[in-house]
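Fold and contact review
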Amino acid sequence: MSLALNLFHATELEAHTLGEGALRGAELASMLASGTGDIKERLKRLLADPAGQRALFASLRAFAPNLATDKTLITAYPCNGTVIVSRADDVREVLDRQDDFEVVYEPKMRKITGGVNFFLGMQDDADYQRDTSIMRLAAQRGDVADIVVPQAREAARQIITHHSKTIDLPQVLTTVVPALMVQRYFGIDTASVEDLREWATAMFWYLFVDLQGDPDIEKKALDCAARCLVAIDAAIAKAEANADGPVTVLKRAIALRDAGTGGFEGSGIRNNMIGLVIGAIPTISKACVQALDGLLDRPDVLARTQAAAASSDEHAVGCAVFEALRFNPVNPVIYRRAARDCEIASGTTHACRVKKDTMVLASNLSAMFDPAAVDDPDAFRMDRPWNVYMLWGYGLHRCFGDVINRGIIPALLTPLLAGTPLARAGGDAGHPDKVTPFPQHFTVMR
Ligand code: HEM
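Here, residues in each chain are numbered from 1, in the same order as that chain's written sequence. A pLDDT threshold of at least 70 governs which residues receive local features in this predicted model, and a stricter bar of 80 or more applies before side-chain atom pairs are shown or counted, although totals over entire chains, interfaces and linings include all residues. Only hydrogens and water are removed before side-chain values are computed, so all heavy atoms of the structure are retained for them.

Concerning the sheet that holds strand β8 (residues 359-362)
Backbone-to-backbone hydrogen bonds pair the strands of a sheet. The strands run either parallel or antiparallel. Note on pairing: DSSP must find at least two bridges between two strands before they are called paired. Counting from the N terminus, the helices are the DSSP runs of H or I reaching at least four residues and the strands are the DSSP runs of E reaching at least two. Pairing is mixed in the open sheet, where five strands are placed in the order β1-β2-β8-β5-β3. The sheet is open, and its two edges are formed by β1 (66-69) and β3 (101-102), each paired on a single side. Of the strand pairs in this sheet, β3 and strand β5 (residues 334-338) are connected by two bridges, and their pairing is antiparallel. Residue pairing across strands places F101 opposite A338, the latter belonging to β5. Sheet strands in contact with helix α4 (residues 88-96) are β1, β2 (82-85), β3, β5 and β8, and its direction is about 130° off that of β8. In this description, contact between two residues means that some pair of their heavy atoms is separated by no more than 4.5 Å. Between the N-to-C directions of two axes lies an angle of 0 to 180 degrees, each axis being a line fitted to C-alpha atoms and, for a helix, fitted only over the stretch in contact.

Here we look at the site of the ligand
Whether a residue is near a molecule or strand depends on its heavy atoms: if one lies within 4 Å, it is near. Surveying the vicinity of the ligand reveals 28 residues, the closest of which are Y105, Y128, R336, H397 and C399. What qualifies as a polar contact is a pair of N or O atoms within 3.5 Å, subject to a donor-acceptor requirement within protein and to the restriction that residues adjacent in sequence count only when both atoms come from side chains. Between the ligand and R336 there is a distance of 2.7 Å, counted from an oxygen atom to a side-chain nitrogen or oxygen. Elements represented by at least two residues in the shell around the ligand include exactly α13 (268-296), β5 and α17 (402-417). The element best represented in the shell around the ligand is α13, accounting for six residues. Residue composition of the shell around the ligand, grouped by class: 19 nonpolar, seven polar and two charged. Side-chain classes follow a simple rule in which Ala, Val, Leu, Ile, Met, Phe, Trp, Tyr, Cys and Pro form the nonpolar group, Asp, Glu, Lys and Arg form the charged group, and the remainder, Gly included, forms the polar group.

Examining helix α3 (residues 50-63)
For α3, with 14 residues, the first-to-last C-alpha span of 20 Å sits near the 20 Å given by 1.5 Å per residue. Within α3, eleven of the 14 residues are buried, which leaves it mostly tucked inside the rest of the structure. If you check which residues of α3 are buried, you get P50, G52, Q53, R54, A55, F57, A58, S59, L60, R61 and A62. Each residue after the first adds 1.5 Å to the expected span of a helix. Exposure categories follow from relative accessible area, calculated using a 1.4 Å probe and restricted to protein chains: below 20% of the type maximum is buried, above 50% is exposed, and the middle band is partly exposed.

A look at the nonpolar core
We call a set of buried residues a nonpolar core when its members are Ala, Val, Leu, Ile, Met, Phe, Trp, Tyr or Cys and they connect through side-chain atoms within 4.5 Å of each other. Judged by nonpolar contacts, the single largest core of 141 residues is most densely connected at F186, I188, I408, I409 and L416. Ranked by residues supplied to this core, first place goes to α13 with 16 residues. These domain boundaries are the output of an automatic or database domain assignment. Shared between two domains, this core takes at least three residues from each, and those domains are domain 1 (1-64) and domain 2 (104-330 + 397-445). If near-sequence neighbours (up to four positions away) are discounted, I188 is found in contact with V182, Q183, L196, I232, A235, L250, M273 and V277.

Overview of the coordination of the iron atom of the ligand
Atoms of type N, O and S within 2.8 Å of a metal are treated as its donors, and for Na, K and Ca the window is 3.2 Å; water is not considered, so some sites may appear to be missing partners. There is one protein donor for the iron atom of the ligand, and it is C399 (SG), at 2.3 Å. Counting through the fold element by element, C399 comes out in the loop between α16 (364-367) and α17.

As for the sheet that holds strand β4 (residues 166-168)
Strands sit in the order β4-β10-β9 across an open sheet of three strands; the sheet is antiparallel. On the outer flanks of this sheet lie β4 and β9 (423-424), each paired with one strand and no other. With two bridges connecting them, β9 and strand β10 (residues 443-445) associate as antiparallel partners. Residue pairing across strands places R424 opposite V444, the latter belonging to β10.

Section: the confidence of the model for the protein
When pLDDT is averaged along the protein, the result is 92; 91% of the residues meet or exceed 70. Summary of the metric used: pLDDT quantifies the predictor's per-residue confidence within the range 0 to 100. For the stretch residues 1-18, pLDDT sits under 50, and the model shows 38 contacts to residues farther than four places along the chain or on other chains.

Considering the packing of helix α5 (residues 106-113) against helix α11 (residues 215-241)
Axis separation between α5 and α11 bottoms out at 8 Å; the angle between their running directions is 50°. In terms of orientation, α5 and α11 fall into the oblique class. Along its contact with α5, which presents K111, I112 and T113, the element α11 presents E218, L222, A225 and L229. Of the residues belonging to the contact of α5 with α11, the class tally is four nonpolar, one polar and two charged. Roughly parallel here means an angle under 35 degrees, roughly antiparallel means over 145, roughly perpendicular means 65 to 115, and every remaining angle is called oblique.

Some thoughts on the environment of L67
Within the secondary structure layout, L67 lies in strand β1. Sequence separation between L67 and I167 is 100 residues; the distance between their C-alpha atoms is 43 Å.

In structure tokens form, the structure reads like this:
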């Protein structure tokens, strides 16, 4: 890879950052030197491994905090060149500067809905503010404690009761509970759990993970989108015909529309509901799998977390689970495109000029390990302040489901963790599979 490095002089680095970088540089070199295959294969393996990613970002934070290359790494969206941003302050700066660094998802969002944009694909404009305001009235924060968490807790408890010994987590638990949330709380009860997880996974993969624009991935996602939109239309018709029964996001959106006070018109409800469906299932499942994988790697932490689960302390379970996710988050990087020529970290020694249309990869994983922002970042600690965690974005487009995630993930994992010591199944089955970007199998034993 020919890199036009934006390196700055080592003597200008803070001593502790340089120390960390040098240490991790050595770690990185030894990771690259070991194993089989040529350097490209070794680098690929290293980047697929969260420990390798952390070592790489530590070196970048120290030696090239804003690494610019004329190579275009993301070809699924129009752009030209790449900057990788690794320091916490700079990651926040990029994600805060909506006018300079725009979200790119609009064309794919329009393909998913068959024409209309969804708010994650919008810049900070009137449409964004209107759509998110309506959706915040339809999906209210208090629902998490009143509806989402109790439903998830009960669903997980029942699943665990029926799978007491060996559990293939994504198949049986971690995709099922969020899909049930989509049916029962969102109100899309016209599709099966199996269909919802297949559709949401295909669409999420297309929108956020397929950075090279693979036509097969697009085709599958658009087929799934068409089927999902039919199911959502059927759920809307069903809810319109019968407004009684438990509260759902869909029923609230319909009531807002019918009140004539500025709710969604036309296909607005449908297009916003599909946006929520896409975000909810593969993400929560992958987060649960990666968090558990991290706990299983740390037997002492696992034992403490299981003790907390045994006393139904979901808060303590959450502290362990979110810390495990810090080491291996679902999205290690958030990407934006420069809307104009501009500069990151102006006035510092590592200021970086960014040309219009450059794709800027802001690493939330790296930000969560930046010693300038996080105390003792390499230590696994369960008492970290919540604002250390950048697990689902930052700034304007921070995940719409952030409060849901914080509640549902511990609620669905606690029944699994409460009980006999958890262990991996033997062989490959006991590790999350990597056949797709979303683990399909990961078997544990109780
Ligand atoms: C652990 C689970 C989840 C993860 C890791 C996750 C990750 C993310 C990330 C990284 C973003 C920001 C994308 C960007 O700035 O480019 C985001 C935004 C979003 N997420 Fe999530 N998400 C999760 C769960 C959910 C759930 C449960 C929902 C539905 C309730 C959801 C709906 C959304 C929506 C609608 C946005 C766009 C927000 C906006 O543009 O203002 N996500 N998510």
